[in-house]
Amino acid sequence: MVSELFVNAKVFTGRGETDFASAFRITDGSFSWVGDQSRVRDEPAVDLAGRTVLPGLLDVHTHPAALATLMDAVDCLPPKVTSLAQLLDQLRAHRNVGAGVDQWIVGRGYDDARFPERRPPTARDLDQVSTRQPVIVKRCDGHTAVCNTRALELAGITSATPDPAGGRFERDEQGFPNGILTELAAVRAVEGLLPTLGRDELADRLAGLNERFLSRGIVGLCDLRASTLPDPLWTFRAARQRGLRPRCTLYLEWEPDRPPAELSDADRSGQVRIGGLKLFMDGAYSNRTAWVNDPYPDSCEHGIRTLSDAQARAAVDWARRNQVQVAVHAMGDRALEHVVELFGADEPWLADRPAIRLEHATLVSAELIERVNSARMSFGIATHTIFLYAEYDSYRANLSAEQARIAYPIHSLYHSVRPLALASDCPATAWSDADNVFVSVKAAVLRRAHNGADIGQAEAITVPQALSLYTGRARQIAPLGQVGLIAPGYDGSFVVLDRDVFTIAHEDIDRVQVDETWIGGSQVYSR
């Protein structure tokens, strides 16, 4: 038996907003005692020097598979890139420029709402980077991309090409494709031409993300689109053997024509496991494809519905049969209402967690909260503050005043929906450090955007409340095992901070850094 005592700390246990301790013991990798230091006898102990300790942090909606596949893409995210000229300069700096006509130039993360030109880039713009090599760059929301003329030619997209179901090839005034690919079906038509990487290289790339997560204190994560990889479970498990330490729960994207193979108990268990299916009911607010009741300002458009009832039902039947969750991307109020209408009266199939997760949940009215809580189905919500914080310009342009009032209502959700978490959606948002938990916590507490604009201060929450949505409350929404709490019987995972996040000025919360990350009673990161 290996036992180690830790003392002289301010320990937020994650069990409640006011639940703090000053000492704890880890025995054989798990917390065996948590309490007040006054109860500790004179014995050897690790002195944490009065620092603040949190449970290991959980990011229940992120995309490490995308980070791995996009590792060669140049970073075009704000605040580095805030203009069309800067975007083109970033792409010109790609290592493949001039390397050969078959070498792709790839970027990720532009946010045209920040551009002084007030328009998205087009094929004509990207042709300034290269006319001989294919160029593609994804928008920050992950739902849109733009490519150059050469990439359109390789994909066979012409004025006669029909739009794919659930997506659009945008066109100029003459009806010719302008390079903008709206929604995933359109993006895939070009992105599918990118060179494929082998499983071993992808596993190495995932393992290479280890320090990124541990330096942010993340000990458990959910990849909500693990099918970005060709063999996700094998690849993540291989990455773990090569050094990836956080627990990883994978959600497979539902493809109606190619449903996943049936799962075994081994697929659903372990430090790396399959936890569910990912469905897309609509698009995103940044590009006005979220499915909404009221039309977008100065428009008659209501967004895009990307999934039929039959497809959604088939996915839920598969998940019920295989005893995993369904995570539904639903941003617009109409999309959210439709998910509740479609499945609210059904019997849930999981006892220990929500059977259906509502992802993003941008527009949530009091009436919708009541419908979620009164439904027979068990629903949970994974939402954000990083979107409003980072993409303020897009949301200001795309939300009416009434919609803005109920956008990401974290305070209302905190006090009414128990299975609730904040998450990063990294890298699918307009911030290069989106999975820095303390950026999201600051936004949740201040309810101000990166530029200081008000993003709904009536929906602000406290620091302990925000941190509980990355720890004790977050663990209730996803099958990540015994993490997220500093309590007897839970994995001995915790983080030590460089300052007291509970007492510093709220404006400085995003400056908090992780000094140490521990998993299973072993220190796995030191700043």
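Residues numbered from 1 in each chain as written. Predicted model: local features only at pLDDT ≥ 70, side-chain atom pairs only at ≥ 80, totals over all residues. Heavy atoms only, no water.

S.K.: Before we go on, may I ask you to explain the overall build of the protein in this structure?
M.R.: The secondary structure content of the protein amounts to 17 helices and 24 strands. For the protein, whose C-alpha radius of gyration is 23 Å, the value lies close to the compact-globule estimate of 24 Å for 527 residues. Along the longest, intermediate and shortest principal axes, the C-alpha atoms of the protein span 80 × 50 × 50 Å. Expressed as a percentage of the 527 residues in the protein, the buried residues total 60%. Long-range pairs, those at least 24 residues apart, make up 73% of the contacts in the protein between residues at least 6 apart in sequence. When the accessible area of the protein is evaluated, it comes to approximately 19,800 Å², of which 47% is carbon and sulfur surface. Side chains of the protein give 56 positive and 69 negative charges; the mean places of these two sets differ by 2 Å. (Helix = DSSP H or I, 4+ residues; strand = E, 2+ residues; numbered from the N terminus. Rg over C-alpha atoms; globule rule 2.2 N^0.38 Å. Buried < 20%, exposed > 50% of the residue type's maximum accessible area, 1.4 Å probe, protein only. Contact = heavy atoms within 4.5 Å. Areas by Shrake-Rupley, 256 points an atom, 1.4 Å probe, with all protein chains shown as cover. Lys, Arg positive; Asp, Glu negative; His and termini not counted. Charge placed at Lys NZ, Arg CZ, Asp CG, Glu CD.)

S.K.: So what exactly am I meant to see when it comes to the packing of aromatic side chains here?
M.R.: Think of a pair of aromatic rings as described by two things: how far the centres are apart, and how the planes are tilted against each other in angle. Evaluation of the coordinates by the stated rule reveals 16 aromatic pairs. Aromatic pair F6 and F494: ring centres 5.3 Å apart, planes at 75°, arrangement edge-to-face. Of this pair, F6 sits in strand β1 (residues 3-7) while F494 is found in strand β22 (residues 494-497), placing the two residues 488 residues apart along the sequence. Between the aromatic rings of F24 and F31, the centroid separation amounts to 5.5 Å while the plane-to-plane angle is 80°, which identifies the pairing as edge-to-face. The burial state of F24 is the same as that of F31; both residues are buried. The structure contains a cluster of three or more aromatic residues connected by ring pairs, namely F6, F24, F31, F494 and W518. Over the face of the ring belonging to F20 we find K10, whose NZ or CZ atom lies 5.8 Å from the ring centre. Over the aromatic face of Y251 sits the side chain of R357, whose NZ or CZ is 5.0 Å from the ring centroid. (Phe/Tyr/Trp six-rings, centres within 6.5 Å; stacked < 30°, edge-to-face > 60°. Lys NZ or Arg CZ within 6 Å of the ring centre and 35° of its normal.)

S.K.: Would you mind going over the layout of surface pockets with me for this structure?
M.R.: Over the atoms, a rolled probe matching the size of one water molecule traces out where space is still vacant. Computed from the structure, the second largest pocket encloses a volume of approximately 450 Å³. Lining the second largest pocket are 20 residues, with D112, P120, R139, S286 and N287 sitting closest to its centre. Going through the elements one at a time, β13 (168-171), β14 (177-182) and α13 (392-398) are the ones with two or more residues in the lining of the second largest pocket. Counting residues per element, the lining of the second largest pocket draws most heavily on α13, which supplies 5 residues. When its residues are assigned to classes, the lining of the second largest pocket shows 5 nonpolar, 6 polar and 9 charged. (1 Å grid on protein atoms, 1.4 Å probe; cavity = no way out; pocket = protein on both sides within 12 Å on 5 of 7 lines; lining within 4 Å. Points joined across faces, edges and corners; volume = space filled by probe spheres on them. Nonpolar A, V, L, I, M, F, W, Y, C, P; charged D, E, K, R; others polar.)

S.K.: Explain the side chain of D223 here, please?
M.R.: With respect to the element layout, D223 can be found in strand β15 (residues 218-223). Here D223 is buried and forms no salt bridge, its nearest opposite-charge partner K278 lying at an N-O distance of 7.8 Å. Polar side-chain contacts of D223 include one of 2.9 Å to the backbone nitrogen of R225. Not counting residues up to four positions away in its chain, the partners in contact with D223 are T62, H63, P64, A65, F236, T249, L250 and Y251. (Salt bridge = Lys/Arg side-chain N within 4 Å of Asp/Glu carboxyl O. Polar contact = N/O pair within 3.5 Å; in protein donor to acceptor, adjacent residues only side chain to side chain.)

S.K.: Sorry, what's going on with the sheet that holds strand β20 (residues 379-383) here?
M.R.: What links the strands of a sheet is backbone hydrogen bonding, and the strands pair in either a parallel or an antiparallel sense. Overall, parallel pairing links the 8 strands, which are arranged β8-β15-β16-β17-β18-β19-β20-β21 in an open sheet. What marks the edges here is a single partner per strand, and that holds for β8 (57-62) and β21 (420-422). Each adjacent strand pair in this sheet contributes to an overall mean axis angle of 25°, direction not counted. One ladder, built from 5 bridges, connects strand β18 (residues 325-330) with strand β19 (residues 356-360); its direction is parallel. Looking across to β19, one finds that A330 is bridged to H360. (Pairing = 2+ DSSP bridges. Axes fitted to C-alpha atoms, helices over the stretch in contact; angles between N-to-C directions.)

S.K.: Sorry if this is basic, but what is going on with the packing of helix α10 (residues 333-343) against helix α11 (residues 366-374) here?
M.R.: In helix packing, the relevant descriptors are the interaxial angle and the interaxial distance, both defined with respect to the helix axes. In contact at an axis separation of 11 Å, α10 and α11 are set at 25° when each is read in the N-to-C sense. The angle between α10 and α11 places the two elements in the roughly parallel class. Once α10 is placed against α11, the crossing between them reads as left-handed. Between α10 and α11, the residues in contact are L336, E337, V340 and E341 and L368, R371 and V372, respectively. (Parallel < 35°, antiparallel > 145°, perpendicular 65-115°, else oblique. Left-handed = near helix turned anticlockwise from the far one by under 90°.)

S.K.: I would appreciate a short explanation of the nonpolar core in the present structure.
M.R.: When a protein is soluble and globular, its nonpolar side chains tend to lie buried together. By size, the foremost hydrophobic cluster in this structure holds 132 residues, and its most contacted members are V60, F236 and I356. At 7 residues, the largest contribution of residues to this core is made by helix α16 (residues 437-446). The next biggest cluster of nonpolar side chains, apart from the first, holds 17 residues, and it includes L485, I486, V496 and W518. (Core = buried A, V, L, I, M, F, W, Y, C linked by side-chain atoms within 4.5 Å.)

S.K.: I keep staring at the pairing of β19 and nothing clicks. Help me out?
M.R.: Looking down a regular strand, the side chains alternate between one sheet face and the other. Of all 5 residues making up β19, 5 are buried, and the element is well covered by its neighbours. This β-α-β element, β18 to α10 to β19, shows right-handed connectivity. As for the winding sense of the linkage, the β-α-β connection from β19 through α11 to β20 is right-handed. (Right-handed = clockwise from strand over helix to strand, strands pointing away.)

S.K.: Please explain empty space enclosed by the protein as it appears in this structure.
M.R.: Counted under the stated rule, the structure contains 2 cavities of 30 Å³ or more. Empty space within the largest cavity amounts to approximately 60 Å³. The wall of the largest cavity is formed by D141, H143, A284, S286, H329, M331, H360, F387, E391, Y395, D425 and A428. Volume-wise, the second largest cavity comes out at about 40 Å³. If you go around the second largest cavity, the residues you meet are L70, V106, G107, I136, V137, K138, E191 and L194. For the lining of the second largest cavity, the elements supplying multiple residues, two or more each, are β10 (105-110) and β11 (135-139).

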